[in-house]
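# A closer look at the structure
Here is how the chains run, residue by residue.
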2 protein chains.
Amino acid sequence: MRRVFEEDLNDLHIHFFQMGKAVNEAIYKSVKAFVNHDKALAKEVIAGDIAINKDEADLENKCFELIALQQPVTTDLRKIVTIMKASSDLERMGDHAVSIAKSTIRVKGNKRDYEIEAQIAEMSEKVKIMVQDVLQAYVASDVTKAKKVALKDIDVDHDFKKIYKACIRQMKNDPEIVLGATDYMLVAGFIERIGDYVTNISEWIIYLDTGKMAELNTHNKNDSFPKA
Amino acid sequence: MRRVFEEDLNDLHIHFFQMGKAVNEAIYKSVKAFVNHDKALAKEVIAGDIAINKDEADLENKCFELIALQQPVTTDLRKIVTIMKASSDLERMGDHAVSIAKSTIRVKGNKRDYEIEAQIAEMSEKVKIMVQDVLQAYVASDVTKAKKVALKDIDVDHDFKKIYKACIRQMKNDPEIVLGATDYMLVAGFIERIGDYVTNISEWIIYLDTGKMAELNTHNKNDSFPKA
């Protein structure tokens, strides 16, 4: 019985990790599509979201069954609850990738600003590494790494502020850039929020270890908008 | 034992409902503060978010304890899991209220557009009623009402598109409105996302009844941005 449970729990971990990798790929592709105005790739991201949503539903069902059948307590229950809650964070990260992809499809010959686009690409590269690192921290139950990853979110928020200010500046100077810059701002906002979700997952990794929810970057979350 | 469990479960329901009411008040106050440029009220919303976050953590702990101690199955487990997951939706709605409040504090003598502000107030009034209705549907386990509430989100998304387009138009015409209109767009975006979370809660109410997650407004979620 116990061995079957261990195996089921391990399957759950692997499934969560794979969902995380799929989400990271969606984020990466969506930003690549946005920067390169690649509508085909953007459509791929949108189509792929169905599988990510299914992952969340499947994980939810498996968690539910495992609790009902095995009636786990303490550490085991905590592991299952973590997957149940953190899979929502992954799913929402996937939703943001879809939003970025939809921005790409919306863009129709808008006037571009290559400098801001480069900043967005750079910001998303950081977030991509954060997602990779937090998944590794999850697999290795590495609390130190989880905390380190969460700290990187401060840098991402800083990038967002920079992009936001650049967009405001450009829009004030040039009415023709308004439409494009609005999308830059929105996309940067989505990437910034993906960083927040990574912080949430870091918090879950700490919860797994300690049984307590620690709020990381409290001063920082929800406070990413610059006082322009 | 069973009676104690029933009481605990009932306490959980009441706590969830009260958290929902607190979140709705935060949303209402944040939009009121934004439209009236009332920084004191905005600060109240920001300060109040600590209690909302604590509600989520408390609910999480209580759910965990109840599962570990009572080892519920089927319907009872489903009720607990729903509260565990849906409390995250409420908490995020609270976060969006904070974001709206922070926009209010950011505003410093920006040029205003009273027509767009009125549209935002109207949109938020609809969302406020949606939140009230979904909480009532939750308490009454009213699936029909839950579905009706979710349908209203289509109207809210429509409002968002209208506001978004008005902002783009104004920004193109008048560089002085850029800063203010950016905030209008962001705030309308936050309200729109609150509507999405209401839809999530409707889905949870259906799950409570059927044991299955139904995706409501699939065509609609994540698709609120207009093809400007």
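Here the structure is a predicted model, which is why all the values come from computation and not from measurement.

This part takes up the interface of chain A and chain B. Opposite the 49 residues of chain A that make contact, chain B presents 49 residues. Together, the buried faces of chain A and chain B total about 4,300 Å²; carbon and sulfur atoms form 61% of this surface. Counting across the chain A and chain B interface gives six salt bridges. Between aspartate 89 of chain B and arginine 92 of chain A there is a salt bridge, with the nearest N and O atoms lying 2.4 Å from each other. Inspection of the region where chain A meets chain B yields 11 residue pairs in polar contact (both at pLDDT 80 or more).

All right, on to the nonpolar core then. One recurring pattern in soluble globular proteins: nonpolar side chains tend to sit buried together. Formed by 146 residues in total, the largest nonpolar core has its most connected members in Met93 and Ile120 of chain A together with Met93 and Ile120 of chain B. With near-sequence residues (within four places) excluded, methionine 93 of chain B lies in contact with Val23, Ile27, Val131, Ile194, Tyr197, Val198 and Ile201 of chain B.

Residue and element names in this part refer to chain B. The terminal C-alpha atoms of helix 4 (residues 114-139) lie 38 Å apart, and with 26 residues this matches the ideal 38 Å at 1.5 Å per residue to within 8%. The N-terminus of helix 4 is capped by aspartate 113, whose side-chain oxygen sits 3.0 Å from the backbone nitrogen of glutamate 115. Directly after helix 4, the chain includes serine 141, whose backbone phi takes a positive value near 45°.

Moving on to the pattern of salt bridges. Taken as a whole and judged by the stated rule, the model has 32 salt bridges over all chains. One network of salt bridges, in which partners are shared, links Arg2, Glu6 and Asp76 of chain A.

Residues and elements named next belong to chain A. Where helix 1 (residues 2-36) meets helix 4 (residues 114-139), the axes come as close as 10 Å, and the angle between the chain directions of the two elements is 175°. On the basis of their axis angle, the class for helix 1 and helix 4 is roughly antiparallel. Packed against helix 1, whose contacting residues are His13, Phe16, Phe17, Gly20, Lys21, Asn24, Ile27, Tyr28, Val31, Phe34 and Val35, the element helix 4 presents Glu117, Ile120, Ala121, Ser124, Lys128, Val131, Gln132, Leu135, Tyr138 and Val139 at the interface. Here the contact of helix 1 with helix 4 is composed, by residue class, of 13 nonpolar, five polar and three charged.

Now for the UniProt feature "domain: PhoU" (unreviewed entry) in chain A. Residue and element names in this part refer to chain A. Under the UniProt annotation, the feature "domain: PhoU" (unreviewed entry) is placed at residues 18-103 and 120-205. When the span residues 18-103 is considered, its composition is 94% helix and 0% strand, and the gap between its end C-alpha atoms is 26 Å. Span residues 120-205 is 92% helix and 0% strand, its end C-alpha atoms 28 Å apart.

The next point concerns the environment of alanine 121 of chain A. Residue and element names in this part refer to chain A. Here alanine 121 is to be found in helix 4. In this structure alanine 121 comes out as partly exposed when scored by relative accessible area, which is 30%. The spatial distance from the C-alpha of alanine 121 to the C-alpha of phenylalanine 34 is 9.1 Å, given a sequence separation of 87 residues. The residues contacting alanine 121, other than those within four sequence positions of it, are Val31 and Val35.

Definitions and limits used
- Residues numbered from 1 in each chain as written.
- Chains lettered and ligands numbered in written order.
- Predicted model: local features only at pLDDT ≥ 70, side-chain atom pairs only at ≥ 80, totals over all residues.
- Heavy atoms only, no water.
- Contact = heavy atoms within 4.5 Å.
- Buried area = accessible area lost by both parts, 1.4 Å probe.
- Salt bridge = Lys/Arg side-chain N within 4 Å of Asp/Glu carboxyl O.
- Polar contact = N/O pair within 3.5 Å; in protein donor to acceptor, adjacent residues only side chain to side chain.
- Core = buried A, V, L, I, M, F, W, Y, C linked by side-chain atoms within 4.5 Å.
- Buried < 20%, exposed > 50% of the residue type's maximum accessible area, 1.4 Å probe, protein only.
- Helix = DSSP H or I, 4+ residues; strand = E, 2+ residues; numbered from the N terminus.
- Expected span 1.5 Å × (residues − 1).
- Axes fitted to C-alpha atoms, helices over the stretch in contact; angles between N-to-C directions.
- Parallel < 35°, antiparallel > 145°, perpendicular 65-115°, else oblique.
- Nonpolar A, V, L, I, M, F, W, Y, C, P; charged D, E, K, R; others polar.
- UniProt positions renumbered as here; feature names shortened; annotations may be inferred.

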